[in-house]
Amino acid sequence: MKIIVPSKVFSDYQKMEVTGVAKENLPSMEGMSLRNCLKTAVNYYTLHQGDKFVEFLEAGITKCTTPYRCYRDDLAKAYVLLASYFTYMAYKALGKRRQVLWAKAFNYIRILDVSQRSEDIRFQVVKGFALMLSESRAQDADDQFVRVLRQKPNNILALIGRACLAYNRQDFVGSQGYLKTVLTKQPRGPGDIRIGVAHCFLRIGDLDSARRFFELALRHNGRCQNALLGMALLKMNQRDQHFYREGMNLLIAAYEMNKRHPRILSILATHYYFSSNHKRVFILAGNAHRNTDNPELKSYTCYQIARSLHATGQFDLARIYYLNSVRLAPEGYVPAQMGLAQMHLRDGDVDRAKRYLEIFLKFRPNESSAMRLLAKTYLRERSPGQIDRAIEMLVKVVTRKPGRQDIDSWLMLAYAYEQKGLYLQSINCYHEARRIHLGQGHLKIPIESLNNLAATQQKAKQPQAALATLDQAFSQFGNCRTGDMPIMLFNRGRILEDLHRSDLAEEQHQSIIAQYSKYYDSYMRLGIMAMQQNKLSIAIDHFKDVLSSDNNNLTAKTYLGICYTKLELHKPAFNSYNAILNNPENNQDSYSLMALGNACLRKCQSFMIKGDKSSARKQQEKALHLYKRSLDNNSRNKWALNGMGAALATCRNLPNAEYVFRQIVAAGSKCAAATLNSAHVALELGQFRLASQTYKMCLKDLMPENSVEVMACLAKSLYGEGKVREAKMLLLKTRHLAPQDQLLMFNLALVIEEDTKRILALPLPEWEDLQKAERELKVAYHYFYYLNLTQTEISVRCTSKGFSDCQSLMNQLLDKLESMRDLQLSKEERIRLQEQRYLDHQQQLEDQRLQREEENRILRENQMAKRQEVLERTRKIMNAPLQSELPKKDSSKGKKRGRKNQQDMEEKEDQLPGSKKRTAQKSRKRAATQELDNSAFKKAKSREFISTDDDSESEKDEVTTREIYNSSFKKSHSKLFSSTDNDSSSEEGEVKTKQLDNNAYTKARLRELFSTDDDSESEEGEVKTTESNSSLRKSTSRVSCTDDDSESERNVSSLSQSEMEVSSAVESEPESLDLRQSKIN
């Protein structure tokens, strides 16, 4: 923001007028007071003569020392004017001149501080703006302005100062608030205030408000350069050609006002850079660089010059200016880092380029071009971690809007996926790039893209799709002979090879040779195809055709040596490998060294088989030397280490060989040959368990699951470990895979023989195992017989021995089978007898169970019949009429006598005094109660059931018992209730007595009917009966002893209620009564 404050300090002095002052000469100061000197100096300032203003004012301070009343105030004003003038000039100056002017201003400020004029508002404002020139004193400047605003809240200069400080510390909202306060206080203030508000809106992102304030500034001052610049930038950033042209017109108009404005010059330089007018860029950017002191702008102008030099091919100068831009740039300003990274990539310094790009992306993480360039550097390294980071960056690029339609980004991502081995994702990226290309209006896809897509499809095991893609490319471009055509034809031949169409692939390569006679890759493929078909002589001819045109072709010489080695032509093979190593360019070729070392190792193995140990030792030393040379070239060459271990193992140096192989396996590199060799060595050392584990790991992770060689070795280790049956099953599986292998047949027969021996050694083998062993032993016998008759690598002595052993084992097995058969028969007979006994026992138990069930059924039927009979009799008894309803019989004489005696006793008792009368009543009550008990429960003590033979006798007994019980109970209770004088209560007692008589009679009859034959139960019933009689006596005594009718009513009702509950239970559940167990209490 442009600071206009210092000139405002002179507003208090601009009304002073001095006449007769000329521009050329200073007036004389003789007799002039300091106040007049101030007026004259201000007049010089209004005439834009700053040097004379300073000179006159300084001379006045020195010479006009005559004191007067306001002399000290005028002297302070003079110092304030000088300080404000030098501060204003410091803002306009650049570089060292700014520092000089700032130092002069601060000298006067210090003088004022010493003179204790710090309370002057004008001095505080000037001091605040002077402190703003130093970034480290920004807080002190803010404190000065705060102090001013506390004294005068509407001080415009202090508000502007605080707004500038807030803008510099990126508090744009606060800065905007201060500036708006200025506008409210002075609506007609300078246009730069509105420009400051517009810049705040720009930083906030409110472009419409910024445009509105720029227009207000232009309306206030049509020649405001900063307003024109702001409007130009807004129009040019709309990315529209019409608005861009209008913005350029505004920018040119601002340039015409001031051709030294650095911001305008830098923007014009950017415009001419994209117009490829680099000469104008150098001029404009250079002028902007000289006319600014802003570090960011100086760095940007250096960057503009550097990229123009970069575009014109002046790379050395471009590097210098890029470095200057980086050196001048403040923290976070990193455009030059991108250019430096490009310079280092051009020089091949990938590490520095990567470092600069990472710095650039640290501050601008969403820059697509930088991410693409850094991803490209990561892909050059081809390390797994860097490829992952490259894929991550490219995914970010293509998922954002600018890079979503960028074909190069999609193609680079496809290449990154291909390097990672994610071929399906790579194919998807190629399809997306093709879609974008067709969507842009193109009718044809570039042939390079189709070729790359086909190659990726081939790697993704999609040969049919790859062939279709290449056929599409050929149909699209016809027979045009482009530079990529032989490559595409060659790729088509490779795809046909993958489809196992060797005839078509051969025709394809022959046609390539016919069209492009010097395309030697087709010769190579023809030779390799011949090698795969075991046509080694034809392959040698094709490789020689390659060497006839290019004698230094390393690949052809290598394959030629391999063909000679397979044909066991060791001398030509050695010549081929030596020819490779004799070439200075290839003398350290690792593959040739390894191939030559392998050839020496094979010769060593052949000498060991023949027994020539001295020649084998020489070949071993040569092989170890070659392996060591290869290992010196690359210390991580696992194949060289594996060769050294194989050479040591060939000459029976097994411990050292085991150590070498273990080192390779422990390194974590999955070398199948080294792992397999370590298993072989463990097998030779007798470490069968370790060998078995290693062989299993090879079959599971490193080699094909059906590898016959490894499976045979695993069977051997299992046989040595003692797992004969597991070894036998593995050999059977191997025999299915390689039925022609006679060694597998012999080993299988041996394992069967050993398994049979183990079965025969068991004390009690299973019958099924013996039968299975018999069948397998016959197979082994036939194997040995066949091998004995056939001329094989296996000696006749071994097959004859196996044949004879099988015969002896067969005889033993037959004897064992016979004995086991007898044992089996006896065992089966014993088991049959046991089963028969068990079945008989079970049948007997079943018969007993049925008999018990029948007896129980008959018993239940009898019991039910008796029960029904008893229940029927019970119903008859319950339904019989009471004593009052029965016809009265003639009473005996004894009974009349007793009744008369009783009446005589009652009459005598009436004549006795009161106490004797009561005593007689009590004795009579006790006698009646005892008689009641004896008569009521006389029949209940019987232990016999009721006889059902004579119904008439039973009825007579019932009538007799009921008459006796009623008569005795009635006599006792008639006297019991005779003591009361109330006739109504006596009648009520008689009714209750009748109810008690009936209930007691029913209860006694039920006890008599349901008494059991069991003595214990009878005794228990007698005890309960006694308890009920005692309770009845107690209740009767309570009734007789009390004169309260209500008490007797409660006792009688409780007795009647209990008896009613018993009868209701009998009537409601007649079906659940058990004659042997039911008892009524």
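Counting restarts for each chain: residues are numbered from 1 in the order of the written sequence. Only residues with pLDDT of at least 70 get local features here, since the model is predicted, and only at 80 or more are side-chain atom pairs given and counted; chain-wide, interface and lining totals rely on the full set of residues. Each side-chain value is worked out from all heavy atoms of the structure, with water and hydrogens disregarded.

Caption draft 1: Representation of the overall build of the chain. Along the chain, the regular secondary structure elements total 48 helices and 0 strands. Buried residues in the chain amount to 42% of all 1081 residues. Residue pairs at least 24 apart in sequence account for 55% of intrachain contacts in the chain once pairs closer than 6 positions are excluded. Method for areas: the Shrake-Rupley scheme with a 1.4 Å probe, in which residue coverage is limited to the protein chains shown. Total accessible area computed for the chain in this model is approximately 61,800 Å², and 50% of it derives from carbon and sulfur atoms. Here a helix means four or more residues in a row that DSSP labels H or I, a strand means two or more in a row labelled E, and each is numbered from the N terminus. Throughout this description, buried means an accessible area under 20% of the type-specific maximum (1.4 Å probe, protein chains only), exposed means over 50%, and partly exposed covers the range between. We call two residues in contact whenever any of their non-hydrogen atoms come within 4.5 Å of each other.

Caption draft 2: Inspection of the packing of helix 35 (residues 654-666) against helix 36 (residues 672-684) at higher detail. Relative to each other, helix 35 and helix 36 sit at 145 degrees, their axes nearing to 9 Å. Crossing handedness for the pair helix 35 and helix 36: left-handed. In this structure, helix 35 contributes Leu 654, Ala 657, Glu 658, Phe 661, Ile 664 and Val 665 to the contact, and helix 36 contributes Ala 674, Thr 675, Asn 677, Ser 678, Val 681 and Glu 684. Residue classes in the contact of helix 35 with helix 36 are distributed as 7 nonpolar, 3 polar and 2 charged. Every axis corresponds to a line fitted to the C-alpha atoms, with the helix fit spanning only the stretch in contact, and the corresponding angles, defined between N-to-C directions, vary from 0 to 180 degrees. By convention the crossing between two helices is left-handed if the near helix lies anticlockwise of the far one by an angle smaller than a right angle, and right-handed if it lies clockwise. Note that Gly is not counted as nonpolar here; it falls among the polar residues with everything else outside the nonpolar set of Ala, Val, Leu, Ile, Met, Phe, Trp, Tyr, Cys and Pro and the charged set of Asp, Glu, Lys and Arg.

Caption draft 3: Spatial organisation of the environment of Val 350. Examined against the element boundaries, Val 350 turns out to sit in helix 18 (residues 350-363). In sequence terms Val 350 and Leu 374 are 24 residues apart; their C-alpha atoms lie 9.8 Å from each other. Not counting residues up to four positions away in its chain, the partners in contact with Val 350 are Thr 377, Arg 380 and Glu 381.

Caption draft 4: Focus on the state of the cysteines. By convention in this document, the label disulfide applies to cysteine sulfur atom pairs within 2.5 Å. Counting across every chain of the model gives 0 disulfides. As a non-bridged cysteine, Cys 37 has Cys 64 as the owner of its nearest cysteine sulfur, 4.7 Å distant.

Caption draft 5: Expanded view of the nonpolar core. Residues Phe 53, Leu 57, Leu 82, Phe 86, Phe 129, Met 132 and Phe 145 are the most contacted members of the largest nonpolar core, which totals 69 residues. Other than its neighbours up to four places away in sequence, Leu 82 contacts Val 54, Leu 57, Glu 58, Ile 61 and Tyr 108. Here, nonpolar core refers to any group of buried Ala, Val, Leu, Ile, Met, Phe, Trp, Tyr and Cys residues whose side-chain atoms link them within 4.5 Å.

Caption draft 6: Representation of helix 1 (residues 34-46) in the model. Between the first and last residue of a helix there are one fewer steps than residues, each counted as 1.5 Å, and that sum is the expected span. Between its first and last C-alpha, helix 1 extends 19 Å over 13 residues, near the 18 Å set by a 1.5 Å rise per residue. Within helix 1 the residues assigned to the buried category are Leu 34, Cys 37, Leu 38, Thr 40, Ala 41, Val 42, Asn 43, Tyr 44 and Tyr 45. Those residues of helix 1 that are buried lie in contact with helix 2 (50-63) and helix 3 (71-92). Two residues or fewer past helix 1, His 48 is found with a positive phi of approximately 60 degrees.

Caption draft 7: Structural context of the pattern of salt bridges. Any carboxyl oxygen of Asp or Glu within 4 Å of a side-chain nitrogen of Lys or Arg constitutes a salt bridge here. Throughout the structure, instances matching the rule amount to 34 salt bridges. The salt bridge involving Asp 805 is made with Lys 801; its shortest N-O contact spans 3.1 Å. Taken together, the residues Asp 805 and Lys 801, both in helix 42 (residues 796-879) and 4 residues apart, mark about one turn of the helix.

Caption draft 8: Representation of helix 11 (residues 225-236) in the model. For helix 11, built from 12 residues, the straight-helix expectation of 16 Å at 1.5 Å per residue is met to within 8% by its first-to-last C-alpha distance of 16 Å. The element helix 11 is largely enclosed, with a buried count of 11 among its 12 residues. Looking only at helix 11, the buried set comprises Gln 225, Asn 226, Ala 227, Leu 228, Leu 229, Gly 230, Met 231, Ala 232, Leu 234, Lys 235 and Met 236. Looking at the packing, one finds that the buried side of helix 11 touches helix 9 (191-204), helix 10 (207-220), helix 12 (241-257) and helix 13 (262-274).

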